[in-house]
Amino acid sequence: METPPKLYRYRPLEDGLLDRELGALRDSYLYAPPFAAMNDPMEAFYETGGPGDRIINAMLAPAGKHIDGMYGMLSEMIDRFALVSFAGTYEDLPMWAYYGSNFGGMCLEFDTAELAIGDFQSEKLRPVTYARDALPPLTMTDMAPECLEEAVIARITRKRAEWAHEKEWRFIAGEIGPKHYLDDALRRVFLGPRVKPEHAARVCEILDRRPVEVLQGEIRGFELRFRSIKPARPMDECERVGAGRFEPQDIIYKQDELEAFVGGALDALLDECRRTALRPNLEEIADFNVSGNRKGALFIWAIYKLRSGRDVYHKRYFDRQMRYLPEND
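No experiment lies behind these values; they were computed from the predicted model shown. (Residues numbered from 1 in each chain as written. Predicted model: local features only at pLDDT ≥ 70, side-chain atom pairs only at ≥ 80, totals over all residues. Heavy atoms only, no water.)

A. Seen up close, the pattern of salt bridges. Per the counting criterion, the structure on display carries 33 salt bridges. Ionic pairing is found between Arg20 and Glu21, a salt bridge with its closest N-O pair at 2.6 Å. Judged by its relative accessible area of 5%, Glu21 falls in the buried class. The partner of Asp311 in a salt bridge is Lys305, and the shortest N-O contact between them spans 2.8 Å. Residue Asp311 is classed as partly exposed on the basis of its relative accessible area, which comes to 30%. Residues participating in the shared-partner salt-bridge network are Glu114, Asp184, Arg279 and Arg316. (Salt bridge = Lys/Arg side-chain N within 4 Å of Asp/Glu carboxyl O. Buried < 20%, exposed > 50% of the residue type's maximum accessible area, 1.4 Å probe, protein only.)

Next up, the structure:
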């Protein structure tokens, strides 16, 4: 299934959860809870064991081992998995009711590619599959190194068919806890039509100097519409997280090689570097050159600083006309 360009996350803004959610918004992170904490008890359920276990136990007996101990280790591993769930749209009315404080919360819109640059960089993004039946129990065959990861992921990304309207995608995280993202990975925040005015004001205040648009929901008959109440700030007016270092004269040192590759697009390379340097989290443009491992491509290698203080590294690739090349091309 093709990865959607945008992902959406519904969040509550109830008084008891308000500070938690606004804190996550302020510090640009999403919290990854353990798999066992999912709200649907059926999806946190999986089984182990198969008809061949008796034979395997007989083979393990001389070494004083038993298959139940191995299944126990598998269960501990699965319980350590953390998930961050996303929806495919901001217009799902049941989702507003379930997860958005009964239309009084918010829905965050993320650029999928930009979201993957921060703490999600090494995590897997997978669609949830929906079915009437659970997958068969995990067996010792599934525990082979070449099979185990996919066998586990298939089970922790499966839900009953009744949930299919969510069109859910999940980042599967190796550790429980906050996952920080770049400020401009968050593109828009949709506020529900029942949001309290004081809650809306606090969201707008937190995002005042961010490149994020805030929209307010309104009910018109059977329609849910949104109007903009805070425009996205231009990048050059945003609060900085990183230092934004870029030295244009560095292009001179590689001018001959770069011109041989991009020809008349050298100015476009310079403009792209300047635009990148304006991004709030950009710490430094560390390098740019013709790629040695991706034929026909030039890269810009950037260092970004997350609001946790951690630096992350990311390369963007471009063709000879300085057109962006997605990483999976």
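B. Region of interest: the packing of aromatic side chains. For the structure on display, the rule yields 16 aromatic pairs. The structure contains a cluster of three or more aromatic residues connected by ring pairs, namely Tyr8, Tyr10, Tyr90, Trp96, Phe103, Phe190 and Phe226. In this arrangement the basic side chain of Arg294 is found over the ring face of Tyr317, its NZ or CZ atom lying 4.8 Å from the centre. The aromatic ring of Trp301 is capped on one face by Lys315, whose charged end is 5.5 Å from the ring centroid. (Phe/Tyr/Trp six-rings, centres within 6.5 Å; stacked < 30°, edge-to-face > 60°. Lys NZ or Arg CZ within 6 Å of the ring centre and 35° of its normal.)

C. Up close: unusual backbone geometry. The backbone of Ser28 sits at a positive phi, close to 55°, despite the residue not being glycine. Relative to the helices and strands, Ser28 resides in the loop between helix 1 (18–26) and strand 2 (29–32). Of note, Met322 is a non-glycine position whose phi angle comes to about 60°, a positive value. Summarising the element assignment, Met322 is placed in the loop between strand 15 (311–318) and strand 16 (324–325). (Helix = DSSP H or I, 4+ residues; strand = E, 2+ residues; numbered from the N terminus.)

D. Fine view of the pairing of strand 15. Direction of pairing for strand 14 (residues 298–305) relative to strand 15: antiparallel, over a ladder of 8 bridges. Each residue of the ladder has a partner; that of Ile300, found in strand 15, is Arg316. Hairpin connection from strand 14 to strand 15: 5 residues lie between these consecutive antiparallel strands, with Gly309 at a positive phi of about 95°. One ladder, built from 2 bridges, connects strand 15 with strand 16; its direction is antiparallel. Opposite Tyr317, over in strand 16, you have Leu325 as the bridge partner. Linkage of strand 15 to strand 16, two consecutive antiparallel strands, is achieved through a turn of 5 residues, within which Met322 is found at a positive phi near 60°. (Pairing = 2+ DSSP bridges.)

So far we have only geometry, and geometry alone does not tell us how the molecule works.
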